[in-house]
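Next come the chains, spelled out residue by residue.
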Amino acid sequence: MSSRRSRSRQSSSSRITDEQINDLVSKLQALLPEAGIRSNERVSAARVLQDTCSYIRNLHREVDDLSERLSELLATTDASSAQAAIIRSLLM
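So, a few notes on the structure that sits alongside this text. As the structure is a prediction and not an experimental result, all values here were calculated from the model. (Residues numbered from 1 in each chain as written. Predicted model: local features only at pLDDT ≥ 70, side-chain atom pairs only at ≥ 80, totals over all residues. Heavy atoms only, no water.)

1. Comments concerning a negative patch on the surface
(1) Moving on: Together, Glu62, Asp64, Asp65, Glu68 and Glu72 make up a region of like negative charge exposed at the surface.
(2) Moving on: Here Asp65 shows up in helix H3 (residues 45–75). (Patch = residues over 30% accessible without salt bridge, like charges linked within 9 Å, V, L, I, M, F, W, Y side chains within 5 Å. Areas by Shrake-Rupley, 256 points an atom, 1.4 Å probe, with all protein chains shown as cover. Salt bridge = Lys/Arg side-chain N within 4 Å of Asp/Glu carboxyl O. Lys, Arg positive; Asp, Glu negative; His and termini not counted. Charge placed at Lys NZ, Arg CZ, Asp CG, Glu CD. Helix = DSSP H or I, 4+ residues; strand = E, 2+ residues; numbered from the N terminus.)

2. Examining the environment of Leu28
(1) Moving on: Among the secondary structure elements, Leu28 is positioned in helix H2 (residues 18–31).
(2) Moving on: Sequence separation between Leu28 and Leu49 is 21 residues; the distance between their C-alpha atoms is 8.3 Å.
(3) Moving on: Residues contacting Leu28, with those up to four places away along its chain left out, are Val48, Leu49 and Thr52. (Contact = heavy atoms within 4.5 Å.)

3. A word on the pattern of salt bridges
(1) Moving on: This model, assessed by the stated rule, comprises 2 salt bridges.
(2) Moving on: With its nearest N and O atoms 3.1 Å apart, the salt bridge here joins Asp51 to Arg47. Taken as a pair, Asp51 and Arg47 lie in helix H3 at a separation of 4 residues, close to a single helical turn.
(3) Moving on: By relative accessible area, which is 11% here, Asp51 ends up buried.
(4) Moving on: With a relative accessible area of 42%, Arg47 lands in the partly exposed category. (Buried < 20%, exposed > 50% of the residue type's maximum accessible area, 1.4 Å probe, protein only.)

And the structure:
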């Protein structure tokens, strides 16, 4: 059997169905904050993926900003203060 045929057989047995893709896209859409607004509106899978990528980029920016703010806060806080102890306990 040629390698192309064996790959074809192998991939067809492990292929994801359109129904499964639609289900996964719906689940992904439900995780997006804007999803509640559009929950009864049919949105393309491409749009859901674009929105998801945008949302993840925004989350990364937010994490970076919060990390920077935390570093600044820790730099200006006395290491033995109660506030520093609280911050350390939150980070553990």
